[in-house]
Amino acid sequence: MPISRFEMAAFRNLSFLVFVFCVLISLKNQNAETKKGSFGISSFSSSPKKPASIFSDLLSKQAVLLSTEDEEVVNRKMLTVSGSESLEYDYYRKSCPAAEKTIREAVRELCKSRPRLGPALVRLVFHDCFIEGCDASVLLDGVEGMRSEKDSPPNESLKGFYAIDIIKSKLEGMCPGVVSCADILVLAAREAVILAGGPFYPLNTGRRDSTVAYSDIATYELPSPHADVSETLASFASRGFDERETVSLLGSHSTGTTHCRFFKNRLYNFDGSGQPDPTLDSGFLNLLRSKCDNTLPSRSSAPSASFTGSTLPFNSSLLSAAEAPSIDKLSSSPEEEEVMDMTYGEPAAEFGTVYYRHLLQGKGLLFADQQLMAGEETRIWVGAYASDPFLFRRDFALVMMRLSNLRVLTAPRGQIRQNCSKVAG
């Protein structure tokens, strides 16, 4: 159903309220870090409620909260509104109190020298959570009787595994067998979003790791870069995301790189016509053709798009030689050489908003992205996010909270792996 102007105006007003709440949370935890000497961003995840319901609740409570409660109680009440009963606020506060600080600092250090790592981590968490939930199944190597999700076609170009290995190794040295790979992955992705200029979003912790991988599901159920708008919406709806949340989550395509093979058919042979996609802006078409020639064939299959990070070596200061990931995890194949920056080379592009403005101009890089303009409601949300950065950041934070809380495993289910690529003995 189309969104009225009144509803749009109400959402804009609510976005500022949520921004203030997030600032309060961030400042509270920064103060705690200074006092305690440890990092502790408040972490909690989303409720299955729709965003409108969540923020109607928040709006009705805000006067009482701000006038009668201190910041800690405000944070706790927000957890009641938007938290998950199966996870826990600051889960590692006693068992491994420096866990979140360690993850934050490791991601920041790695991204200083490997700026494309951040987008790779965001893609990695999506490819994990979208399958059977946020259970770190995507990190498992294949063994006899179990194929790895890493080997499924949509996941062949996934990067960032080495960064998770580095962080896990450091945490195992501090708190053996305590912090799950699933929590490491969602917390590292959140830090990557922040480093890319995206919003902070709170997360609960206490996830546990899967003991199996789901290669077939990864092969057939991840969204395709070649999908039309109805196919994309059906794919996200199968995981509980509505039109608005789908458009918001795809805003992550504003950072990182994608391989030319995922959109080359749009440049030279759209739908077998021998002509380019007629919806492409002509100037943008020429730019893309200058970056992606027609000498290498595009894939005929439709795997999920590749939004990757750098494959350069890791920062050796973080690990000893014995703990270092193998070079095989860091190298790229010849067919991955042609890539396009998702910002089209624009310096300091604003996270999210520029992506939606490009769609309005007919400059969506992937067919599935540009198809958001073909749906009545998706088109409305593209326009809303292009014109209102606060609205997008609020909605993106909410949808990342929901994504990070999909079908989580908690005790007694699952396990805590000592090595993220292997099931614990």
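Predicted, not measured: the structure shown is a model, and the values here were computed from it.

Observations concerning the overall build of the chain
Step number 1: When helices and strands are counted, the chain shows 16 helices and two strands.
Step number 2: Per-residue burial for the chain yields a buried fraction of 55% across its 425 residues.
Step number 3: Intrachain contacts of the chain at a sequence separation of at least 6 include 80% that bridge at least 24 residues.
Step number 4: Of the roughly 17,800 Å² that the chain leaves accessible, carbon and sulfur atoms contribute 53%.

Some thoughts on helix α15 (residues 376-387)
Step number 1: In this model, α15 (12 residues) spans 17 Å end to end at C-alpha, consistent with the 16 Å of a helix rising 1.5 Å per residue.
Step number 2: Burial in α15 covers these residues: Glu377, Thr378, Trp381, Val382, Ala384, Tyr385 and Ala386.

Concerning the pattern of salt bridges
Step number 1: Evaluation of the coordinates by the stated rule reveals 13 salt bridges.
Step number 2: Residues Glu100 and Arg190 are paired through a salt bridge, measuring 3.5 Å at the closest nitrogen-oxygen approach. Placement of the pair is Glu100 in helix α4 (residues 99-113) and Arg190 in helix α7 (residues 181-195), with a sequence separation of 90 residues. As far as burial versus exposure is concerned, Glu100 and Arg190 are alike and both buried.
Step number 3: Between Glu172 and Lys168 there is a salt bridge whose closest N-O contact spans 2.9 Å.

Comments concerning the packing of aromatic side chains
Step number 1: Within this structure, the stated rule accounts for 14 aromatic pairs.
Step number 2: Geometrically, the ring pair formed by Phe351 and Phe396 is edge-to-face, given 5.2 Å between the ring centres and 70° between the ring planes. Here Phe351, found in the loop between β2 (339-341) and α13 (353-360), pairs with Phe396, found in helix α16 (residues 389-403); they are 45 residues apart in sequence, far enough to count as distant.
Step number 3: Judged by its relative accessible area of 0%, Phe396 is buried.
Step number 4: Three or more aromatic residues link up through ring pairs in this structure, and these residues are Phe351, Tyr355, Tyr356, Trp381, Tyr385, Phe392 and Phe396.
Step number 5: The ring of Phe161 carries Lys150 above its face, with NZ or CZ at 4.6 Å from the centroid.

Notes on the state of the cysteines
Step number 1: Inspection of every chain in the model, using the stated rule, returns four disulfides.
Step number 2: The residue that forms a disulfide with Cys181 is Cys420, at a sulfur-sulfur distance of 2.1 Å. Handedness here is read from the sign of the S-S torsion; for Cys181 and Cys420, about -100°, the answer is left-handed. Of the two residues, Cys181 is situated in helix α7 and Cys420 in the segment after α16; the sequence distance between them amounts to 239 residues. For the pair shown, Cys181 and Cys420 are each scored as buried.
Step number 3: With its sulfur 1.9 Å from that of its partner, Cys260 forms a disulfide with Cys292. Note on the Cys260 and Cys292 pair: the S-S dihedral is about -60°, so by sign convention the disulfide is left-handed. With a gap of 32 residues between them, Cys260 in the loop between β1 (257-259) and α11 (264-268) and Cys292 in the loop between α12 (282-291) and β2 connect regions that are remote in the sequence. Each member of the pair Cys260 and Cys292 is classed as buried.
Step number 4: Counting its disulfide-bonded cysteines in sequence order, the chain shows a connectivity of 1-4, 2-3, 5-8, 6-7.

Focus: unusual backbone geometry
Step number 1: The omega torsion of the bond from Ala411 to Pro412 falls at 10°, within 30 degrees of zero and hence cis.
Step number 2: Relative to the helices and strands, Pro412 resides in the segment after α16.
Step number 3: Not every positive phi belongs to a glycine, and Asp90 is a case in point at roughly 50°.
Step number 4: Along the chain, Asp90 falls in the loop between α3 (71-82) and α4.
Step number 5: Despite not being glycine, Ala136 shows a phi value in the positive range, around 65°.
Step number 6: Tracing the backbone shows Ala136 in the loop between α5 (117-132) and α6 (161-174).
Step number 7: Taking relative accessible area as the criterion, Ala136 reaches 0% and is therefore assigned buried.

Notes on the side chain of Lys150
Step number 1: By the secondary structure assignment, Lys150 is in the loop between α5 and α6.
Step number 2: Within the structure, Lys150 has its side chain in polar contact with the backbone oxygen of Leu139 (distance 3.1 Å).
Step number 3: Those residues in contact with Lys150, other than ones at most four positions away along the chain, are Val138, Leu139, Leu140, Asp141, Asn155, Glu156, Phe161 and Ser421.

Points about the packing of α4 against α6
Packed helix pairs are characterised by how far apart their axes lie and by the angle those axes make with each other.
Step number 1: Contact geometry of α4 with α6 gives a least axis separation of 10 Å together with a crossing angle of 145°. Here α4 and α6 pass one another in a crossing that is right-handed. Here Ala99, Thr102, Ile103, Ala106, Val107 and Leu110 of α4 lie close against α6, whose contacting residues are Tyr162, Ala163, Ile166, Ile167, Lys170, Leu171 and Met174.
Step number 2: The class makeup of the residues in the contact of α4 with α6 is 11 nonpolar, one polar and one charged.

Thresholds, definitions, all that
Residues numbered from 1 in each chain as written. Predicted model: local features only at pLDDT ≥ 70, side-chain atom pairs only at ≥ 80, totals over all residues. Heavy atoms only, no water. Helix = DSSP H or I, 4+ residues; strand = E, 2+ residues; numbered from the N terminus. Buried < 20%, exposed > 50% of the residue type's maximum accessible area, 1.4 Å probe, protein only. Contact = heavy atoms within 4.5 Å. Areas by Shrake-Rupley, 256 points an atom, 1.4 Å probe, with all protein chains shown as cover. Expected span 1.5 Å × (residues − 1). Salt bridge = Lys/Arg side-chain N within 4 Å of Asp/Glu carboxyl O. Phe/Tyr/Trp six-rings, centres within 6.5 Å; stacked < 30°, edge-to-face > 60°. Lys NZ or Arg CZ within 6 Å of the ring centre and 35° of its normal. Disulfide = S-S within 2.5 Å. Polar contact = N/O pair within 3.5 Å; in protein donor to acceptor, adjacent residues only side chain to side chain. Axes fitted to C-alpha atoms, helices over the stretch in contact; angles between N-to-C directions. Left-handed = near helix turned anticlockwise from the far one by under 90°. Nonpolar A, V, L, I, M, F, W, Y, C, P; charged D, E, K, R; others polar.

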